[in-house]
Structures are given as C-alpha cells and as structure tokens.
Amino acid sequence: MTEPLVISIDAMGGDHGPSVVIPAVAKALLAVPTKVRVLLHGDEAVLVPQIARCRGLAEHVEVQHAERVIGMDEKPAQALRRGKGTSMWNAIEAIRDGRATAALSAGNTGALMAISKLILRMSADLDRPALVASLPTPRGFTTFLDVGANVDCDAERLIEFAIMGEAFHRAAHGVPRPTVGLLNVGSEEMKGHEEVREAHRILREGGIELNYMGFVEGDDLTGGAADVVVTDGFTGNVALKAMEGAARFITNELKVALTANVASTLGAALARPSLRRFRDRLSPPPAAPLLGLNGMVLKCHGGAGEADYAHAVQVAVDLARSDFAGEIERNMRRLPSAMAEQAQRPVEGGV
C-alpha cells in the first residue's frame, strides 16, 4: 500500500488564519487525485471545532498543537529569537524531521524565509532561497524570481536564481528545456548595472548549459518572451505588486462598466463563465515556493481567500511529487567552474 503524501501547514498564519485555512484544506483534498494527509499546526482549541464543520476532513488531517503565532509585523530577527514552538516553526520542523514532504504558510514572509533557512539549511551550496511566482502569458506561464526574498543580489545570486528557476519551471510546467532571460532596462548588451551585465556574460559564456536567451524587458513578463525571467528581489517584488494592482484595477473597471445599465448587466450575465475565466487568469499566483532549501516550503499570500489557499495546497502537492530539488543540485555543480572561467575573461565596458 502506497504511503500518503504529507503536507505540513501553518494553520494560524495569514490575515484570516483557520477560518480560511481549514475549509480551503477540505476543498483541496477533494480535488487532488493522490492520497494526501495534512499536519495542521496551531491552537488545538481553535482548529478542532473548525475541522468538525468540514465533513470528512478529520480523517485526513492531524492537529499539531502550537500555542504561539508569529505576527505579520515581526522582523525576521525577532522571529528567529522567539519563533521556536510557534505554528510556523513547527510546520517547517516537520519537514526536517521527515514527517512531511512540503510546508505551506500564509504568514510573515521574512520570518518564513529566515526560519526555513535556519531549520532546513540551503541545498547544493546555495547562498539564499528565492521566492518564485508563475505569471500567466499567452503561451502558458512565465516563472519569475526573485519576487521578494532578496533585495540586493550580485551576479552569482542571479545565476543561482536562473538555475533554480529553470529546474522549477521544468518540474511545475512540464517544459523539457525552458528558455531563461535576465530582466533589464533594455535588450542591448551595454544596458543595466554591472551585476546584471556580469550575470549575462557568465550565463552566455560560462558553460552552465541553460537555454539562455539574453536580456528581457518588463513588458516581456506577461508576453511570454522567456519561460523563466530572473531579477533581484527588490525589482521582482515591485513588478509583481504593480501587476497585481493593475489586474485589480482592470477587474474593478470592467465590473463598473458591466453594471452601468440594464443592457450591460444582461450581457454580463450571459458572459459570466467567460468573465470568471478572465478574472482567474488575472488573479495573482496563490503560492510562491522558496527555492534552494533542503525541503519544500511555499508562501501563500497573506490575504488569500478560500479558493486561493485551496489552490496553494494543490500546488504544494504537485511540487512535492516532483524532482526539481534534485535538478537544482545537479545544475549547481556546474556553477563554480563557470564562475572561475568567467573571472579570467576581460570585463566589457558599459553604461
């Protein structure tokens, strides 16, 4: 008999906590084809009544009591000092202890990254984890990273992100040889700051064996110019939130236009299935995996509703069944020689 996949969830994290997490888990478990068990970390007195309201859920979940919760406004250093025994900490520990394959939290992003790195450590000599988002395009999806975990990045970090993103895209989206681009202010060789130009030289000439296509620009993110687009966490987070804001603006304006009068309201009613698909395509990604750890950790956005959180659980299950962590490790073995080779080359000028 096949052992069930186990997902560890910080049930107290996010803006809504158990009131969203518990029904979302129930919905997700109905949708996933594989056998899954869920460890729910949080206040037992709060979780048990919520679980009882979802028919059949109790037999698929196990409550792991945690009295404390990491606040959404806590700094990572504070979370590390006082985090032991919290619902987030315990959810990550379950991976380290071999009791779960993946962990999911909608809690404090900085705390999640710091605690995950402390407990799980980095794999394959990677320096820092990266948050990745899947953006819809006419061709499918663009894997975009880093979207907030690392504000400052040198060339080596950007190359690590390229390696991680390529392995993730192959595992998550089924593309055998994804194309990789570096986000820049232009496609010309001389454009951008020194770190992005150096990363470009190494990816182009260093023999890392990625399907590297060069620089891409901001409008390529949703245009599908590259399967994987790499940038630093500052730029990535600004770009992602700008796209989320634009999507909300378009959706709200469309709603106003379609309820302006009786005729438009009737037309909207007839087009409701298509409009729902349109809304879903513009919705922000429900979960961003932290790539590069010795274990699978996913960050769900703090304001996620029931549908988004259920989708995030499904993403966790899909990734837990993949081998992208092994692919990252295999690709990372090529990085030291590529960096050494590039260090011996003359540096090109640029502005």
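Residues numbered from 1 in each chain as written. Predicted model: local features only at pLDDT ≥ 70, side-chain atom pairs only at ≥ 80, totals over all residues. Heavy atoms only, no water.

Caption draft 1: Fine view of the packing of helix 6 (residues 155-173) against helix 7 (residues 194-205). In the contact formed by helix 6 and helix 7, the axes pass within 8 Å of each other and the chain directions differ by 50 degrees. With respect to helix 7, the element helix 6 is oriented oblique. When you trace helix 6 past helix 7, the crossing you get is right-handed. Residues A155, L158, I159 and A162 of helix 6 pack against E195, V196, E198, A199, I202 and L203 of helix 7. Within the contact of helix 6 with helix 7, the residues separate by chemical class into 8 nonpolar, no polar and 2 charged. (Axes fitted to C-alpha atoms, helices over the stretch in contact; angles between N-to-C directions. Helix = DSSP H or I, 4+ residues; strand = E, 2+ residues; numbered from the N terminus. Parallel < 35°, antiparallel > 145°, perpendicular 65-115°, else oblique. Left-handed = near helix turned anticlockwise from the far one by under 90°. Contact = heavy atoms within 4.5 Å. Nonpolar A, V, L, I, M, F, W, Y, C, P; charged D, E, K, R; others polar.)

Caption draft 2: Focus on the pairing of strand 1 (residues 5-10). Where burial is concerned, most of strand 1 is hidden: 6 out of the 6 residues are buried. Alternating positions in strand 1 separate into two faces, L5, I7 and I9 on one and V6, S8 and D10 on the other, with burial throughout. Both strand 1 and strand 2 (residues 36-42) contribute to a ladder of 6 bridges, which runs parallel. Of the residues in strand 2, the one forming a bridge with L5 is V36. In this region the chain leaves strand 1, passes through helix 1 (residues 18-31) and returns to the parallel neighbour strand 2; the handedness of that crossover is right-handed. (Buried < 20%, exposed > 50% of the residue type's maximum accessible area, 1.4 Å probe, protein only. Pairing = 2+ DSSP bridges. Right-handed = clockwise from strand over helix to strand, strands pointing away.)

Caption draft 3: The nonpolar core, seen in detail. Counting 95 residues, the largest nonpolar core has I9, V25, L40 and Y309 as the members making the most contacts within it. At 9 residues, helix 11 (residues 306-320) tops the list of elements feeding residues into this core. Look past the residues within four positions of L40 in its chain and what remains in contact with it is I9, A11, V21, I22, V25, L47, I51, V61, E62, V63 and Q64. (Core = buried A, V, L, I, M, F, W, Y, C linked by side-chain atoms within 4.5 Å.)

Caption draft 4: Just unusual backbone geometry, in detail. That bond from L145 to D146 is cis: its omega, 0 degrees, falls within 30 degrees of zero. Mapping D146 onto the fold places it in the loop between strand 6 (140-145) and helix 6. One non-glycine residue with positive phi stands out, namely R121, at about 65 degrees. By the secondary structure assignment, R121 is in the loop between helix 5 (109-120) and strand 5 (130-137).

Caption draft 5: Helix 5, seen in detail. Here helix 5 is 12 residues long and its end C-alpha atoms lie 16 Å apart, about the 16 Å a rise of 1.5 Å per residue gives. Turning to helix 5, its buried residues are A111, L112, A114, I115, S116, I119 and L120. Each element contacted by the buried residues of helix 5 is listed here: helix 3 (76-82), helix 4 (87-96), strand 4 (102-105), strand 10 (287-291) and strand 11 (296-300). (Expected span 1.5 Å × (residues − 1).)

Caption draft 6: Just a nonpolar patch on the surface, in detail. Among the surface-exposed residues, V151, F234 and V238 lie close enough to one another that they form a single nonpolar patch of about 290 Å² accessible area. Topologically, V238 is positioned in helix 8 (residues 233-258). (Patch = residues over 30% accessible without salt bridge, like charges linked within 9 Å, V, L, I, M, F, W, Y side chains within 5 Å. Areas by Shrake-Rupley, 256 points an atom, 1.4 Å probe, with all protein chains shown as cover. Salt bridge = Lys/Arg side-chain N within 4 Å of Asp/Glu carboxyl O.)

Caption draft 7: Structural detail: the side chain of D146. D146 sits in the buried class, given a relative accessible area of 0%. Here L131 takes part through its backbone nitrogen, which lies 2.8 Å from a polar atom of the side chain of D146. If near-sequence neighbours (up to four positions away) are discounted, D146 is found in contact with A130, L131, F161, T231, D232, G233, G236 and N237. (Polar contact = N/O pair within 3.5 Å; in protein donor to acceptor, adjacent residues only side chain to side chain.)

Caption draft 8: View of the environment of C300. Position of C300 among the secondary structure elements: in strand 11. On a C-alpha basis, the gap between C300 and A106 in space is 4.4 Å, while along the polypeptide they are 194 residues apart. In this structure, C300 is in contact with L104, S105, A106, P286, A287, Y309 and A312, ignoring residues within four places of it in sequence.

Caption draft 9: Inspection of the pairing of strand 4 at higher detail. What you see with strand 4 is no split at all: A102 and L104 on one side and A103 and S105 on the other are buried throughout. In this sheet, strand 4 lies alongside strand 1 in parallel orientation, the contact comprising 3 bridges. Along strand 4, the bridge assignment pairs S8 with A103. Bridge count between strand 4 and strand 11: 4 bridges; the pairing is parallel. Bridging across to strand 11, A103 finds its partner in V297.

Caption draft 10: Fine view of the pattern of salt bridges. Scanning the entire structure with this criterion turns up 14 salt bridges. Of the charged contacts, one joins E74 and R82 as a salt bridge, the two residues approaching to 2.5 Å between their closest N and O atoms. E74 sits in the buried class, given a relative accessible area of 14%. Here R82 falls in the partly exposed class, since its relative accessible area comes to 32%. Among the salt bridges present, the one from D154 reaches R157, with a minimum N-O distance of 3.5 Å. Each of K84, E93, R96, D97 and R99 takes part in a single network of salt bridges with overlapping partners.

Caption draft 11: Local environment of the confidence of the model for the protein. Put simply, the protein has an average pLDDT of 85, and 89% of its residues get 70 or more. Within the protein, helix 4 carries the highest mean pLDDT (96), whereas helix 13 (residues 335-343) carries the lowest (53). (pLDDT = per-residue confidence, 0-100.)

Caption draft 12: Layout of the sheet that holds strand 5. With mixed pairing, 11 strands are arranged side by side in an open sheet as 3-2-1-4-11-10-5-6-9-7-8. Here the strands that pair on one side only, and so sit at the sheet edges, are strand 3 (61-65) and strand 8 (211-216). Going from strand to strand, the sheet's axes swing by 25 degrees on average, the running direction of each strand aside. Across 3 bridges, the pairing between strand 7 (residues 179-183) and strand 9 (residues 228-230) is parallel. Among the inter-strand pairings, G181 is bridged to a residue of strand 9, identified as V229.

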